[in-house]
Amino acid sequence: MKYVFLLMIFFTTSSYAQNQERTVLLYNIGLGGITSGIGGIINKPKEISWEKAFIKAFWQGSIGGGVNFTGKKILYLINRNQNAIYAWPAKLLHSAGVSIMENAALCQPFLQNWNIDYGPVRFDFSTNRKRKFKARFLPEVIYAVIRASKNNRLDLSNTIALGNIIFANHKGSFFGTTDDFYLGASYGRAIEYIADITDSTKYSLLAHEIVHQFQYGEYQIFNTWLKPLEKSIKSKTIQTIFSKYVYFDMPYFFVPYYLEGNYNYTNKYKNFFEFEAERFATNKYVHR
């Protein structure tokens, strides 16, 4: 009877885990499809109907969202194998997914334009030879680095290995208060974490925070919705600055994150974005 009871617990937990997997998969596909579809309507050529533009951008954006999911899924290997090497395949895949979404929202040919960020710079390149390679500064990095560097030191080895700006606290103290503490945080373009923790905790923590970095990058899709506004700017100087040197890196992600609720440490997974980050970091059932 004991073994039957244990089997029931196993299958119930597996079922919950599968439901959570479907939840995050549908969220990523839905985010890609809907945001790209709306972008397709906004940026469509005049001769194309809004229905046709939406459908085309929707299915392409959904593929991008699916690729994002796959990129995030790889991150749990960092924790499972205690090795940061898996961060780069995850980053490359996720960047490809975001690129597909943005491409669809801008009504560009499928799989034509690509981008990836590394530290404070966003790199844009294209299969269209007429489009020039771009390396543009991400201004949100300034805020993120100021927040993450406070009382912390740059973790250069992990910054290089993980492809994200990372600061470590070597003082052995946690962030926050005794009632609401945390071991790490992401500020959009930079991460901070407590260095004095076990390797198993460190790897799962870094994987968790990288998911937040990915979430932040996904919400840059809203820049495609502002394309008509960008075209209306008459100043050639401003146009040149943002087309060649600076990428308009708005922290859109912070809005839905805080709308989800800023819970204390015990209840933090009630926030969907925290739940998603932990789910991808550990690949286990997350209690909400």
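It should be emphasised that the depicted structure is a prediction, and the values quoted were computed from it without experimental measurement.

Attention now moves to empty space enclosed by the protein. Applying the stated criterion to the full structure yields one cavity of 30 Å³ or more. Taken as a whole, the largest cavity spans an internal volume of roughly 250 Å³. Around the largest cavity sit 20 residues that line it, and Lys91, Asp117, Arg189, Gln213 and Gly217 are the ones nearest its centre. At the level of elements, α4 (87-105), β1 (113-118) and α7 (199-218) are the ones that each hand at least two residues to the lining of the largest cavity.

Here the focus is the packing of aromatic side chains. The full count for this structure, using the stated rule, is 21 aromatic pairs. Ring centres of Phe253 and Phe273 lie 5.1 Å apart, and the angle between their planes is 85°; this geometry places the pair in the edge-to-face category. Of this pair, Phe253 sits in the loop between α9 (236-245) and α10 (254-259) while Phe273 sits in helix α11 (residues 272-282), and the two are 20 residues apart along the sequence. Here Phe253 matches Phe273 in class, with each residue buried. Above the plane of the ring of Tyr247 lies Arg122, whose end atom (NZ or CZ) is 4.0 Å from the centre. Across the ring face of Tyr203, the terminal group of Lys202 is positioned such that the distance to the ring centre comes to 5.3 Å.

As a note on interpretation, predicted positions should not be read in detail where pLDDT is low. The pLDDT averaged across the protein works out to 88; a share of 91% of its residues lies at or above 70. For residues 1-14, every residue scores under 50 in pLDDT, and the model assigns this stretch one contact once sequence neighbours within four places are set aside.

This next bit is on the sheet that holds strand β3 (residues 134-137). Strand pairing in a sheet is mediated by backbone hydrogen bonds. Such pairs are either parallel or antiparallel. Strand order in the open sheet formed by three strands is β1-β2-β3, with antiparallel pairing between adjacent strands. Strands with a single pairing partner mark the edges of an open sheet, and in this sheet they are β1 and β3. Averaged over all pairs of adjacent strands, the angle between strand axes in this sheet comes to 20°, irrespective of strand direction. Looking at chain direction, β1 and strand β2 (residues 121-126) are connected through six bridges and run antiparallel. Paired with Trp114 across the bridge in β2 is Phe125.

Burial runs high along strand β5 (residues 165-169): five of the five residues are buried. Taking every second residue as pointing to the same face, both faces of β5 are buried, with Ile165, Phe167 and Asn169 on one and Ile166 and Ala168 on the other. Direction of pairing for strand β4 (residues 153-154) relative to β5: antiparallel, over a ladder of two bridges. Of the residues in β5, the one forming a bridge with Arg153 is Ala168. Pairing of β5 with strand β9 (residues 190-194), which is carried by five bridges, proceeds in the parallel orientation. For Asn169, the partnering residue across the bridge sits in β9 and is Ile194.

Parameters and conventions
Residues numbered from 1 in each chain as written. Predicted model: local features only at pLDDT ≥ 70, side-chain atom pairs only at ≥ 80, totals over all residues. Heavy atoms only, no water. 1 Å grid on protein atoms, 1.4 Å probe; cavity = no way out; pocket = protein on both sides within 12 Å on 5 of 7 lines; lining within 4 Å. Points joined across faces, edges and corners; volume = space filled by probe spheres on them. Helix = DSSP H or I, 4+ residues; strand = E, 2+ residues; numbered from the N terminus. Phe/Tyr/Trp six-rings, centres within 6.5 Å; stacked < 30°, edge-to-face > 60°. Buried < 20%, exposed > 50% of the residue type's maximum accessible area, 1.4 Å probe, protein only. Lys NZ or Arg CZ within 6 Å of the ring centre and 35° of its normal. pLDDT = per-residue confidence, 0-100. Contact = heavy atoms within 4.5 Å. Pairing = 2+ DSSP bridges. Axes fitted to C-alpha atoms, helices over the stretch in contact; angles between N-to-C directions.

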